[in-house]
Amino acid sequence: MTTTTVSPKKLKMDADWRQFRLRRINEAPYRHTWLLLFWPLFGMLFGFVERFYVVQTYHPMYCPLDDMIPFQELFLIPYLFWFLFLGGTVVFLFFYDTEAFRRMMYFTIFTYSVTIAVYFLFPTCQELRPLSFARDNILTRFMAAFYAFDTNTNVCPSLHVIGSVVAMLGGLHCKWLQSRGWKIFFVVSAVLISISTVFLKQHSLLDVLWALPLCLAGWLLVYGRRKKS
């Protein structure tokens, strides 16, 4: 009796990028490149609403549970990991799983577009940041500098939470990342990043909670539909 062993799939790109030329961008293997244009477009809109959009009144986001959540600077680690988590997932899927990249970007375009529209139509802020820190260390010093740079406006729904869900869903639907370890990594990372926003007093709990139904709507539109056979 003989047994057949199945060797693991070798990681490989979906397209031969050595053959890419700008004139070929509309060809099937490279057409998804156009979706990357959303990121600078959103960045410009977000920068405008943050720095130049004139707002008469901001609506403070607050609930009593916010007072029960202590400031904890250790959550700066997952908070900053968000940038690598989201950016790394975007780059990996762009090269190695075109279909997962497209779906992730459709989810991003929907949720981020709704969010920026909310920022224009219903400007929000939060007034939860501590005036001083109980501990003096490199993390609290970083947060003090970060508070001075980052505005406390346009907080609901939380882009940190939505971006975490973007990366999580992208990873969970990637054909190369289907092992239990990778799935646990993406879920745990998204959860830790999301709760870090309230422990660092960057967001009210309301900002997190309002991000969830928006993500659910995006999931239903992009991931909830059955693929056509």
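Please refer to the structure higher up on the page.
Keep in mind it's a predicted model, so treat the numbers as computed, not measured.

Asks: Help me get a handle on the pattern of salt bridges, residues and values and all.
Replies: Pairing is possible between side chains of opposite charge, provided their charged atoms come close. The full count for this structure, using the stated rule, is 6 salt bridges. One salt bridge connects Arg 141 with Asp 136, and the closest N-O pair in it is separated by 3.0 Å. Both residues of the pair, Arg 141 and Asp 136, belong to the exposed class.

Asks: Can you explain the packing of aromatic side chains? Please cite residues and give values.
Replies: Applying the stated rule across the entire model yields 32 aromatic pairs. When the ring of Tyr 79 is compared with that of Phe 146, the centres are 6.0 Å apart and the planes differ by 80°; the resulting orientation is edge-to-face. Taken together, the positions of Tyr 79 in helix α3 (residues 76-96) and Phe 146 in helix α5 (residues 138-149) put the pair 67 residues apart, joining distant regions of the chain. Grouping residues by exposure puts Tyr 79 and Phe 146 together as buried.

Asks: Give me the lowdown on the layout of surface pockets, citing residues and values where you can.
Replies: Put simply, the largest pocket is a space of about 580 Å³. Around the largest pocket, the lining comprises 24 residues; the ones closest to its centre are Phe 46, Trp 82, Asp 150, Leu 159 and His 160. Among the elements of the structure, α1 (38-51), α3, α4 (98-121), α5 and α6 (159-172) are those that each provide at least two residues to the lining of the largest pocket. Examining the composition of the lining of the largest pocket, we find that 6 residues originate from one element, α1, more than from any other. The class makeup of the residues in the lining of the largest pocket is 13 nonpolar, 7 polar and 4 charged. The calculated volume of the second largest pocket comes to roughly 200 Å³. Contributing to the lining of the second largest pocket are 14 residues, with Val 161, Val 165, Ala 190, Ser 194 and Leu 212 lying nearest its centre. Where the lining of the second largest pocket is concerned, the elements lending two or more residues are α6, α7 (180-199) and α8 (205-222). In terms of residues, the lining of the second largest pocket owes the most to one element, α7, which gives 6 residues. Here the lining of the second largest pocket is composed, by residue class, of 13 nonpolar, 1 polar and no charged.

Asks: Quick one: what's the story with the state of the cysteines, residue by residue and with numbers?
Replies: Enumeration over the complete set of coordinates arrives at 0 disulfides. Unpaired in terms of disulfides, Cys 156 finds its nearest cysteine sulfur in Cys 63, a separation of 11 Å. For Cys 156, a relative accessible area of 7% puts it in the buried group. Cys 174 carries a free sulfur, and the closest cysteine sulfur to it, the one in Cys 215, is 20 Å from it. Judged by its relative accessible area of 0%, Cys 174 falls in the buried class.

About the criteria used
Residues numbered from 1 in each chain as written. Predicted model: local features only at pLDDT ≥ 70, side-chain atom pairs only at ≥ 80, totals over all residues. Heavy atoms only, no water. Salt bridge = Lys/Arg side-chain N within 4 Å of Asp/Glu carboxyl O. Buried < 20%, exposed > 50% of the residue type's maximum accessible area, 1.4 Å probe, protein only. Phe/Tyr/Trp six-rings, centres within 6.5 Å; stacked < 30°, edge-to-face > 60°. Helix = DSSP H or I, 4+ residues; strand = E, 2+ residues; numbered from the N terminus. 1 Å grid on protein atoms, 1.4 Å probe; cavity = no way out; pocket = protein on both sides within 12 Å on 5 of 7 lines; lining within 4 Å. Points joined across faces, edges and corners; volume = space filled by probe spheres on them. Nonpolar A, V, L, I, M, F, W, Y, C, P; charged D, E, K, R; others polar. Disulfide = S-S within 2.5 Å.

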